[in-house]
Amino acid sequence: MFDMDCMLRLARRLGTLLLALAFTSAVQAADVPDMAALEKAFSEDIEPILARHCTDCHNADTPEHELDLSTFAAALKGGVSGPAILPGKAAQSMVHKFVQLGADPHMPPEGQLNKQELATLAKWIDSLPASLTPKGGKPITDKDRAHWAFQPIVRPEPPVGADADRRFRVGEAG
Ligand code: HEC
């Protein structure tokens, strides 16, 4: 038989569990990509492959077809034909399609990625969260990033001086 004390403890524990669950789903609903982890995966697994086969021609200085594959952010941006990497969709991504044996155009123009590299690249693109691009599949542009919601939070300078709080009085704004 349960005594009252035991029941209360159980109820409290259940409450904590529910709270934890609610919190977890709230975080998941926001679906914010973990950029630090994504950057790490890029530099550890993908950058070496791109450096070996691609960045001679696709770098910040000489981006063939405006495609720079030297950084994660640049690679996501894509080139003249649009995004070359579609997060979560390797099969539809140019970076994946063009490196396949017999592809046209074929990348790199001379040479061929080995099976291991092809598999790593495909797995990586498939692992990218779709939330990396806004709805509609358009990449986030510099203009989008200028939106206030993308700006870092800065601590406003508090006013100093004798009439520091004047501006906060109704009717005396500014
Ligand atoms: C020797 C230079 C060279 C190398 C190395 C190279 N590319 Fe390219 N890439 C080009 C040229 C030139 C074009 C544009 C003309 C064309 O489509 O053939 C291009 C175009 C592309 C495009 C289309 C971009 C767009 O928006 O139109 C993609 C995607 C691409 N390359 C991916 C890669 C990948 C991935 C690698 C490495 C596996 C790679 N390239 C290696 C020269 C290169």
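Note: the structure precedes this text.
Reference entry: report on the structure contained in this document. (Residues numbered from 1 in each chain as written. Predicted model: local features only at pLDDT ≥ 70, side-chain atom pairs only at ≥ 80, totals over all residues.)

### With respect to the overall build of the protein
Phase 1 of the analysis: The secondary structure content of the protein amounts to six helices and zero strands.
Phase 2 of the analysis: Listed by position from the N terminus, the elements making up the protein come as α-α-α-α-α-α.
Phase 3 of the analysis: Considering the protein as a whole, with its 174 residues, one finds that 16% of them fall into the buried category.
Phase 4 of the analysis: Sequence separation of at least 24 residues holds for 46% of the intrachain contacts in the protein that already meet a minimum separation of 6. (Helix = DSSP H or I, 4+ residues; strand = E, 2+ residues; numbered from the N terminus. Buried ≥ 20, exposed ≤ 12 C-beta atoms within 10 Å, placed from the backbone. Contact = placed C-beta atoms within 7 Å.)

### Structural notes on the site of the ligand
Phase 1 of the analysis: The environment of the ligand is made up of 22 residues, and the closest members are Cys 54, Cys 57, Gly 79, Ser 81 and Met 107.
Phase 2 of the analysis: Among the residues making up the shell around the ligand, the classes are represented as 14 nonpolar, six polar and two charged. (Near = placed C-beta within 6 Å. Nonpolar A, V, L, I, M, F, W, Y, C, P; charged D, E, K, R; others polar.)

### Notes on the environment of Leu 132
Phase 1 of the analysis: When you line up the elements, Leu 132 lands in the loop between helix 5 (115-127) and helix 6 (142-145).
Phase 2 of the analysis: Judged by the 18 C-beta atoms lying within 10 Å of it, Leu 132 falls in the partly exposed class.
Phase 3 of the analysis: Measuring from C-alpha to C-alpha, the distance between Leu 132 and Leu 76 comes to 8.7 Å, with 56 residues separating the pair along the chain.

### Structural notes on the nonpolar core
Phase 1 of the analysis: Counting 18 residues, the largest nonpolar core has Ala 84, Ile 85, Val 95, Leu 121 and Ile 125 as the members making the most contacts within it.
Phase 2 of the analysis: Once residues lying within four places of it in the same chain are set aside, the contact partners of Ile 125 are Ile 85, Ala 90, Ser 93, Val 95 and His 96. (Core = buried A, V, L, I, M, F, W, Y, C linked by C-beta atoms within 7 Å.)

### Some words on unusual backbone geometry
Phase 1 of the analysis: Cis geometry marks the peptide bond from Asp 104 to Pro 105; its omega dihedral reads 0 degrees.
Phase 2 of the analysis: Assignment of secondary structure puts Pro 105 in the loop between helix 4 (94-97) and helix 5.
Phase 3 of the analysis: The step from Met 107 to Pro 108 runs through a cis peptide bond, and the omega angle for that step is -10 degrees.
Phase 4 of the analysis: For Pro 108, the location among the structural elements is in the loop between helix 4 and helix 5.
Phase 5 of the analysis: Of note in this structure, His 65 is not a glycine but carries a positive phi near 50 degrees.
Phase 6 of the analysis: Along the polypeptide, His 65 turns up in the loop between helix 2 (35-53) and helix 3 (72-77).
Phase 7 of the analysis: In this model, Glu 66 sits at a positive phi of 60 degrees, which is unusual for a non-glycine residue.

### Re the environment of Ala 60
Phase 1 of the analysis: Along the polypeptide, Ala 60 turns up in the loop between helix 2 and helix 3.
Phase 2 of the analysis: Distance from Ala 60 to Ala 74, taken between C-alpha atoms, is 8.4 Å for residues 14 residues apart in sequence.
Phase 3 of the analysis: In this structure Ala 60 touches Asp 68, Ser 70 and Ala 74, once residues within four positions along its chain are discounted.

These values are about where atoms sit, not about what they do.
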